[in-house]
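Coordinate analysis (summary)
Chain by chain, the residues:
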Amino acid sequence: MVNLQPVLFVIGLVLSKIALFMYIPTLTAFFTGTPGFLDFGLSVIITHVAAFLCLSLGKTDNFRLNARDMFVITTMVWLIASAFAALPFVFINHISFTDAYFETMSGITTTGSTVLSGLDQMAPAILFWRSILQWLGGVGFIVMGVAILPFLNVGGMKLFQTESSDWSAKSSPRTKNVAISIMKVYLILSALCFIAYWATGMTPFEAINHAMTTLSTGGFSTSDSSMNRFSHSAQWVGTIFMFAGGLPFLLLIQALRRKSPHMIFDDAQVRGFTYLVLATSAMVAIWLVLTQDYTSSDAIRVSMFNIVSVVTTTGFGLDDFTAWGPFASVIFAFMLIVGGCSGSTAGGAKIFRFQVALALLRKHIQQLVHPSGVFIQRYNGRPVNEDIVRSVVAFAITYLMTILVVAMILAATGLDGITSLSGAMTAVANVGPGMGTVIGPTGNFASLSDTAKWALSIGMLMGRLEILTVLVLLFPAFWRD
């Protein structure tokens, strides 16, 4: 059985941190004299009480976590934290709990889909809270991707096993040091992004909000026009820091410690990610010049921004790429599911899985040509064992099946095929905007039914937690001793 007390204790710790971060928009409302002070104050009290109860009930002298406990904690923390973080949306925006939970799950999984409109006139406190949720979700996922998922051997993540991915008692100091290092780099990049945005003409409030949602590859904005509202230089800043958010943070830390920037581009994941962005951006830019009457400079800026936004699963809006014709639409449909690097803030299927699949294909072709030959499949210079290959294959199957199931649920609510399929893809890949007139780059998810929103919320969670982490909880065998 699951060790309930440690699980409750961890949930209590997370809720206590959510409550502490709620103080920021609470004070924002108070000092600016704008709506939200009492609403956030009530949310803080409720969340603190819940955290206190979980910490009290979960306190134990024998704090040990096994693999089963980690699976439960990983899912329950995101589910429960989203429920309490949704309270300000209910109190301030006066929307249903379904809409509030959808907005919160979209924020904390850094998806970027929204049911809200009128952002330009919205209370600063709630805009700040949306950005904080994405910023927290981004750094939380980096730590999870580096320290927890490799330990659980989910979807081939064992390829990136480090000493921090060991949850035994003696390894906890190493895990803590890695988490602190990640937080330091995350804070430095966030600060640099803020300064860069501010220098391009954004107000300090706009700059800090967009810095949090850019580096976390979340995509929430303070304006309904998203990045269209800001200068071309701001859009280039966004492109650069979205790309940075899609890189493996542990590799950035190692490169900084060893003062060897070349380490970053020696990595197979980073090279594949970079080549993919450059190649697809170039194709789309040429397409825009030839068919959409864009100038060369505008085509490069707009194509690269949109490609990076989609492949890093940020979802910032800049022009409606679904109106660029079938060629561009096919490229963006593919980019919706690819994702960034493992150990980054980006969602999606992740570049390394496509690279492992290609290496497997190459090995299979070699075996067909030379039946008696012995070929070793490698990735990043390391042999890839059968266990990792099986994990990647299992992930790919469940990833596609999850998209299919969510799309079928959306279609059953009356949505058209394009909206249903792209909505499922964008939720599971944590991208944000879908395709079509309803949920495309210029639309939002407000008009969808409650059933559709709950299906998309679960899809966002499953995509963020690498599918199998959630799916394993549905099997009775998991709960047996």
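Residues numbered from 1 in each chain as written. Predicted model: local features only at pLDDT ≥ 70, side-chain atom pairs only at ≥ 80, totals over all residues. Heavy atoms only, no water.

Within an unreviewed UniProt entry, the label attached to the chain reads Trk system potassium uptake protein, and the organism entered is Enterovibrio norvegicus DSM 15893. Taken directly from UniProt, the Sequence similarities (unreviewed entry) text for the chain runs: "Belongs to the TrkH potassium transport family." (UniProt positions renumbered as here; feature names shortened; annotations may be inferred.)

**As for the UniProt feature "binding site: K(+)" (unreviewed entry) in the chain**
Following the UniProt record, the feature "binding site: K(+)" (unreviewed entry) maps to Thr 110, Thr 111, Gly 218, Thr 313, Thr 314, Asn 430 and Val 431 here. These residues run over 322 residues, yet every pair of their C-alpha atoms falls within 8.4 Å of each other. Relative to the helices and strands, Thr 314 is located in the loop between helix 13 (296-311) and helix 14 (326-338). By relative accessible area, Thr 314 is classed as buried at 0%. With respect to the helices, strands and loops of the structure, Val 431 is situated in the loop between helix 17 (417-428) and helix 18 (450-464). With residues up to four places along the chain from it excluded, the contact list for Val 431 reads Thr 111, Val 310, Thr 313, Thr 314, Gly 315, Leu 336 and Thr 426. (Helix = DSSP H or I, 4+ residues; strand = E, 2+ residues; numbered from the N terminus. Buried < 20%, exposed > 50% of the residue type's maximum accessible area, 1.4 Å probe, protein only. Contact = heavy atoms within 4.5 Å.)

**Focus: the pattern of salt bridges**
Overall, the coordinates contain 8 salt bridges when judged by the stated rule. Note that Arg 301 is salt-bridged to Asp 298, the shortest N-O span being 3.1 Å. Here Arg 301 and its partner Asp 298 are both found in helix 13, 3 residues apart, which amounts to about one turn of the helix. Looking at Arg 301, the relative accessible area reads 9%, which means it is buried. We classify Asp 298 as partly exposed; its relative accessible area is 24%. If you follow the salt bridges from partner to partner, you end up with Asp 120, Glu 206 and Arg 229 in one network. (Salt bridge = Lys/Arg side-chain N within 4 Å of Asp/Glu carboxyl O.)

**Observations regarding the nonpolar core**
Grouped together as the largest cluster of nonpolar side chains are 148 residues, with contacts concentrated most on Trp 129, Tyr 197, Phe 332, Tyr 399 and Leu 456. Top contributing element to this core by residue count: helix 6 (residues 124-152), with 18 residues. Sequence-distant contacts of Trp 129, defined by excluding residues within four places in its chain, comprise Ile 18, Phe 21, Met 22, Pro 25, Phe 40, Ala 85, Pro 88 and Phe 89. (Core = buried A, V, L, I, M, F, W, Y, C linked by side-chain atoms within 4.5 Å.)

**Structural notes on the state of the cysteines**
As used in these notes, a disulfide is a covalent bond between sulfur atoms, one from each of two cysteines. Scanning the entire structure with this criterion turns up 0 disulfides. Cys 341 takes part in no disulfide bond, and the closest cysteine sulfur, belonging to Cys 193, lies 18 Å away. For Cys 341, a relative accessible area of 0% corresponds to the buried category. (Disulfide = S-S within 2.5 Å.)

**Considering the packing of aromatic side chains**
The geometry of two aromatic rings is summed up by the distance between their centres and the angle between their planes. Scanning all chains against the criterion turns up 20 aromatic pairs. Summarising the aromatic geometry, the rings of Phe 30 and Phe 37 are spaced 5.2 Å apart at their centres and angled 45 degrees between planes, so their arrangement reads as tilted. Between Phe 97 and Tyr 101 the ring centres are 5.8 Å apart and the planes differ by 45 degrees, which places this aromatic pair in the tilted class. With Phe 97 and Tyr 101 both in helix 5 (residues 97-108), this residue pair falls 4 residues apart, about one helical turn. Under the relative-accessibility criterion, Phe 97 is labelled partly exposed at 37%. A network of ring pairs unites the aromatic residues Tyr 294, Phe 321, Trp 324 and Phe 332 as a single cluster. (Phe/Tyr/Trp six-rings, centres within 6.5 Å; stacked < 30°, edge-to-face > 60°.)

**Comments concerning the environment of Ala 85**
In this structure, Ala 85 sits in helix 3 (residues 67-85). In this structure, the C-alpha to C-alpha distance between Ala 85 and Met 105, residues 20 residues apart in sequence, is 9.0 Å. Contacts of Ala 85, omitting those with residues within four sequence positions, involve Ile 18, Met 22, Thr 104, Trp 129 and Leu 133.

**Comments concerning the environment of Ala 196**
As for its placement among the helices and strands, Ala 196 is situated in helix 7 (residues 172-199). Remark: the alpha-carbon pair of Ala 196 and Trp 236, spanning 40 residues in sequence, is separated by 10.0 Å. Those residues in contact with Ala 196 that lie beyond four places of it in its chain are Val 237 and Phe 241.

**Focus: the environment of Leu 361**
The residue Leu 361 is located in helix 15 (residues 351-369) in this model. C-alpha of Leu 361 to C-alpha of Ser 344: the two residues are 17 residues apart in sequence and 26 Å apart in space.

**With respect to the packing of helix 16 (residues 386-412) against helix 17**
Where helix 16 contacts helix 17, the two axes come as close as 8 Å, and the packing angle between them is 135 degrees. Of the possible angle classes, the one that applies to helix 16 and helix 17 is oblique. Classified by chirality, the crossing of helix 17 by helix 16 is right-handed. Each of Tyr 399, Thr 402, Ile 403, Val 406, Ala 407, Leu 410 and Ala 411 in helix 16 lies in contact with helix 17, whose residues at this interface are Thr 419, Ser 420, Leu 421, Gly 423, Ala 424, Met 425 and Val 428. Residue classes in the contact of helix 16 with helix 17 are distributed as 10 nonpolar, 4 polar and no charged. (Axes fitted to C-alpha atoms, helices over the stretch in contact; angles between N-to-C directions. Parallel < 35°, antiparallel > 145°, perpendicular 65-115°, else oblique. Left-handed = near helix turned anticlockwise from the far one by under 90°. Nonpolar A, V, L, I, M, F, W, Y, C, P; charged D, E, K, R; others polar.)

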